[in-house]
Amino acid sequence: MSSQVDIIGRQSSHYTRMTRIVAEELGLEYRLQPIFDLMSDDPETYAGNPALKLPVLKLDGQAIYGSVNICRALAQTAPGRLQINWPWDAETPLLMNAHETLAHAMAMAMEVEVVVHERVEKRLPDTASRKRRQSLINSLSWLDTHLNDILRQLPPRDLSLFETGLYCLLTHLPFRNPMDLPPMPNLAAFERDFGSRASAQATPYRFDKPPE
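Residues numbered from 1 in each chain as written. Predicted model: local features only at pLDDT ≥ 70, side-chain atom pairs only at ≥ 80, totals over all residues. Heavy atoms only, no water.

Another point: the nonpolar core. Core analysis: the biggest nonpolar cluster contains 52 residues, and Leu-74, Phe-162 and Leu-166 have the highest contact counts within it. Counting only elements with at least two residues in this core, the list comes to β1 (5–9), α1 (14–26), β3 (56–59), α2 (67–77), α3 (93–109), α5 (127–153), α6 (161–176) and α7 (185–194). Counting 6 residues, the second-largest nonpolar core is a separate cluster that includes Ile-8, Tyr-46, Ala-47 and Leu-54. (Core = buried A, V, L, I, M, F, W, Y, C linked by side-chain atoms within 4.5 Å. Buried < 20%, exposed > 50% of the residue type's maximum accessible area, 1.4 Å probe, protein only. Helix = DSSP H or I, 4+ residues; strand = E, 2+ residues; numbered from the N terminus.)

Shown next as structure tokens:
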């Protein structure tokens with residue numbers, strides 16, 4: 001009997017997209033249940049997640065929190081279908097740092113303060129917004145500089161969570177948190193290459209519209 005797979009999240013979320021790409025790569029059928037009210041303080045809006053965060057996986061009625069945990073649970077429903085490289089498989093300082101830097105950049109990309117502060121409210125940058133912006137730029141620049149070595153050090157695989165997360169981050173920035181960035185040719189080439197996957201093309205960013 002196949003498992004009932006429900007992903008509770010948003011099509012505009014890079015964390016949700018990461019789980020959807022893994023599900024697509026695994027060939028799993030799943031339902032996406034959008035969260036429309038991100039200002040809700042009711043855990044039930046987030047499928048019971050007490051942290052009030054998305055995404056959440058409902059697998060045969062059991063809730064699993066966090067994008068990495070969700071990807072792991074999805075892979076466990078289809079054992080042996082794909083060879084996936086996980087963050088905890090990193091065995092070199094470069095790969096460890098790559099996963100850490102990516103995780104930080106993905107968290108920083110959730111901060112829409114830069115957009116609200118500087119673009120919407122037309123306020124001048126302050127110390128906090130400048131640091132957030134520079135932290136994200138520094139992380140992306142480091143990933144661009146080291147990307148080719150990182151990819152060479154990853155073991156043979158069908159998919160890696162690093163590459164999946166990186167693609168979701170790179171495509172999320174212009175969609176949700178546009179910033180003027182310096183040229184990053186290695187990241188741009190990677191984005192084009194990963195974007196040719198059917199799983200990437202099946203999960204474009206869009207805003208979920210509540211039913212009328």
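The 4 strands are arranged β2-β1-β3-β4 in an open sheet whose pairing can be described as mixed. Of all strands in the sheet, those with a lone pairing partner are β2 (31–34) and β4 (62–65), marking the two edges. The sheet shows a mean angle of 25° between the axes of neighbouring strands, direction not considered. For β1 and β2, the ladder comprises 4 bridges, and the chain directions are parallel. Opposite Asp-6, over in β2, you have Arg-31 as the bridge partner. Sheet strands in contact with α1 are β1 and β2, and its direction is about 160° off that of β1. Contacts between α2 and the sheet are confined to β1, β3 and β4, with β3 contributing the most and set at about 25° to the helix. (Pairing = 2+ DSSP bridges. Axes fitted to C-alpha atoms, helices over the stretch in contact; angles between N-to-C directions. Contact = heavy atoms within 4.5 Å.)

Turning next to the packing of α5 against α6. In the contact formed by α5 and α6, the axes pass within 13 Å of each other and the chain directions differ by 140°. On the basis of their axis angle, the class for α5 and α6 is oblique. Between α5 and α6 lies a crossing of left-handed hand. Taken together, the residues of α6 that come into contact with α5 (itself represented by Leu-136, Leu-140, Leu-143, Leu-147, Ile-150 and Leu-151) are Phe-162, Glu-163, Leu-166, Leu-169, Leu-170 and Leu-173. Residue composition of the contact of α5 with α6, by class: 11 nonpolar, no polar and 1 charged. (Parallel < 35°, antiparallel > 145°, perpendicular 65-115°, else oblique. Left-handed = near helix turned anticlockwise from the far one by under 90°. Nonpolar A, V, L, I, M, F, W, Y, C, P; charged D, E, K, R; others polar.)

Further remarks concern the packing of aromatic side chains. Counted by the stated rule, this structure contains 5 aromatic pairs. Relative to Tyr-205, the ring of Phe-175 lies with its centre 5.3 Å away and its plane at 15°, an arrangement referred to as stacked. With Phe-175 in helix α6 and Tyr-205 in the segment after α8 (198–201), the pair connects residues that are 30 residues apart, well separated along the chain. Residue classification places Phe-175 among the partly exposed positions, given a relative accessible area of 26%. An aromatic cluster of at least three residues, connected via ring pairs, comprises Tyr-167, Phe-190 and Phe-194. The ring of Tyr-205 carries the charged tip of Arg-17 above its face, separated from the ring centre by 4.6 Å. (Phe/Tyr/Trp six-rings, centres within 6.5 Å; stacked < 30°, edge-to-face > 60°. Lys NZ or Arg CZ within 6 Å of the ring centre and 35° of its normal.)

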